[in-house]
Amino acid sequence: MLNDALRSVLLQAAKSSRLRHVVETAPVSRSVVRRFVSGTEASDAVAATAQLRRDGLMVTIDHLGEDTTEQAQADDVRDAYLVLLRALSDAGLADGGRAEVSLKLSAIGQGLGPDGPKRSTEYAREICEAAAAAGTTVTLDMEDHTTTDLTLDALSELRADFAWVGAVLQSYLRRTEGDCRDLAGEGSRVRLCKGAYAEPPSVAFTDSGEVDRSYVRCLKVLMGGQGYPMVASHDPRLVDIAGALAVRHGRAQGTYEYQMLYGIRPDEQKRLAAAGESTRVYLPYGQEWYGYLMRRMAERPANTAFFLRALATKG
Ligand code: FDA
């Protein structure tokens, strides 16, 4: 109950420009934010990637952006990905997909008018070309349910030329088990997560037990399929179940992977990697870190306590 109230306060806070200013300018913010966000520049993301690689972890990098409302913003985001991919390649980090990128189609203009979906797919294609040149891959993030079909359409268009493009599916959506079946074929890369947007019960399970049970049903489909499942969750129970399903389906390590967010359960990330499991960290960077940080707080009150404690002791 308290958690629900805190969650909605934090999700509101994510939209408040006044609070944003307070958090951004608090003396301690920089060091606390650094726990969850690698920095504001591509060079920060590259440096954090190099460190994670030294720890035996793979990486997917997300350029943080909020609400792309003009074409010029979409152009900037596309350019940021092109710069990032070049920097990863120059640093020798992209090879073999060990560091790849995650991309939100809304950030490159999917929602900008009737031509938005077509133009954003073209921008995504340019980013895929740069990823191919760097020897790595791209995964399309999934956003709210009104964009699911558009994003899956873009995925299928892009996969015609770049078979390795991955997609995210969200177990809270009622449709997702079916989408998993459609995407469980050879060569397909699916990142399965619970889902992070506020969705209506008409399209989504709202009870956390139902979301978890859906996650397991989806995992069964993906692990039993021919594709490459990417298990994106910090939930210890789901991590265990994924491991058991991999064994049951005779999958060798490296034919699936675990994924967690930067700064969340870092010891578990290293433990999985040390046990020989392919483990990838979702690493955000960019100027627009505030909304991302607030959503992470909303997911887990313990993160908020950590942040407030740091503000109180060092601020
Ligand atoms: P949940 O938040 O329900 O936590 C379950 C359990 O995990 C907790 O009870 C606790 O035991 C443990 N746990 C969680 N956080 C912890 C912490 N900080 N410390 C210790 N234990 C902790 N969403 C989306 O809608 N579209 C997308 O494209 C993506 N992409 C994406 C990529 C990757 C790699 C990840 C990991 C996640 C996403 N997400 C996402 C976000 C996702 O949908 C979801 O909101 C978060 O991952 C939180 O869900 P969990 O599965 O981690 O479980």
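The coordinates are above.
This one's a predicted model, so the numbers in the text were calculated from it and none came from an experiment. (Residues numbered from 1 in each chain as written. Predicted model: local features only at pLDDT ≥ 70, side-chain atom pairs only at ≥ 80, totals over all residues. Heavy atoms only, no water.)

Caption draft 1: Layout of the site of the ligand. Around the ligand there are 24 residues in total, and Met-142, Lys-194, Gly-195, Ser-233 and His-234 lie nearest to it. Between Lys-194 and the ligand, the recorded distance is 2.8 Å, taken from a side-chain N or O atom to an oxygen atom. Here an oxygen atom of the ligand sits 2.7 Å away from a polar atom, N or O, in the side chain of Ser-233. For the ligand, the protein covers 81% of the area, taking 950 Å² as the surface of the free molecule. Elements with a minimum of two residues in the shell around the ligand: strand S4 (166-170), strand S5 (189-193) and strand S7 (257-261). Among the elements that make up the shell around the ligand, the one with the highest residue count is S7 (three residues). (Near = heavy atom within 4 Å. Polar contact = N/O pair within 3.5 Å; in protein donor to acceptor, adjacent residues only side chain to side chain. Areas by Shrake-Rupley, 256 points an atom, 1.4 Å probe, with all protein chains shown as cover. Helix = DSSP H or I, 4+ residues; strand = E, 2+ residues; numbered from the N terminus.)

Caption draft 2: Spotlight on the environment of Gln-170. Within the secondary structure layout, Gln-170 lies in strand S4. For the pair Gln-170 and Thr-279, spaced 109 residues apart in the sequence, the C-alpha separation amounts to 19 Å. In this structure, Gln-170 is in contact with Met-142, Glu-143, Thr-176, Cys-193, Lys-194, Gly-195 and Tyr-197, ignoring residues within four places of it in sequence. (Contact = heavy atoms within 4.5 Å.)

Caption draft 3: Quick look at helix H5 (residues 71-90). In this model H5 runs 29 Å from its N-terminal to its C-terminal C-alpha over 20 residues, within 8% of the 28 Å that 1.5 Å per residue would give. Looking at the residues trailing H5, positive phi occurs at Gly-92, about 70°. (Expected span 1.5 Å × (residues − 1).)

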